[in-house]
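Now for the letters of each chain:
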Amino acid sequence: MGARSFLKLRALMADELVVLILFLLLLPAVGIEVPLTSVLVLVLVLLVKDILIAPYVLGGGAEKRPEIGPESLLGETAVVVEDLTPEGLVKLEGEVWSAKCVNGTAKRGEEVVVIGVSGAKVLVERRASPESSLSPQDGSS
């Protein structure tokens, strides 16, 4: 279990700790006694709730990327099969798609990344080339 999952699990189980502190320490300190069996039943119900929702929370839940539909294409890499000037065709997951390059143009054979879907057209961006990430060379040698 990663550190992030451990923290999510701790946050998920915080309500049981709060209930125990409230019913076993704070309420008796001000003169309110709650039967121990009632406290245990409440904590048991909260634990069952945690067991039921833990797979969703620890598995990514709402943060998890959809696996079907157009949204499942976001972040995928496509290869240009017809120059994008800015519109053309790309091959994505074995299928040819109509595409629009949102940051300029892309030549046949270049890899692009899907950043959106508009109807039956994918919106793509060119990948940053390794040369563009290098600092400019000093012209004097």
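All of the points below concern the structure found in this document. Along every chain, residues carry numbers that run from 1 in the direction the sequence is written. pLDDT decides what is reported in this predicted model: residues at 70 or higher carry local features, side-chain atom pairs at 80 or more are listed and counted, and totals for whole chains, interfaces and linings draw on all residues regardless. To get the side-chain values, take all heavy atoms of the structure and skip hydrogens and water.

## Thoughts on the overall build of the protein chain
Logical step 1: A count of helical and extended segments in the protein chain gives four helices and five strands.
Logical step 2: Written out in order from the N terminus, the α and β elements of the protein chain read α-α-α-β-β-β-β-β-α.
Logical step 3: Burial classes follow relative accessibility: with a 1.4 Å probe on protein chains only, a residue under 20% of its type's maximum area counts as buried, one over 50% as exposed, and anything between as partly exposed. Going through the 141 residues of the protein chain one by one, you find that 20% of them count as buried.
Logical step 4: Note on contacts: a residue pair is in contact if any heavy atoms of the two residues lie within 4.5 Å. For the protein chain, long-range pairs separated by at least 24 residues make up 39% of all intrachain contacts whose partners lie at least 6 apart in sequence. For the purposes of this entry, the term helix denotes a DSSP run of H or I that reaches at least four residues, the term strand denotes a run of E that reaches at least two, and both are numbered from the N terminus.

## Quick look at the environment of Asp 15
Logical step 1: Within the fold, Asp 15 resides in helix α2 (residues 14–29).
Logical step 2: Owing to a relative accessible area of 24%, Asp 15 belongs among the partly exposed residues under this scheme.
Logical step 3: Those residues in contact with Asp 15 that sit more than four places away from it in its chain are Leu 46, Lys 49 and Asp 50.

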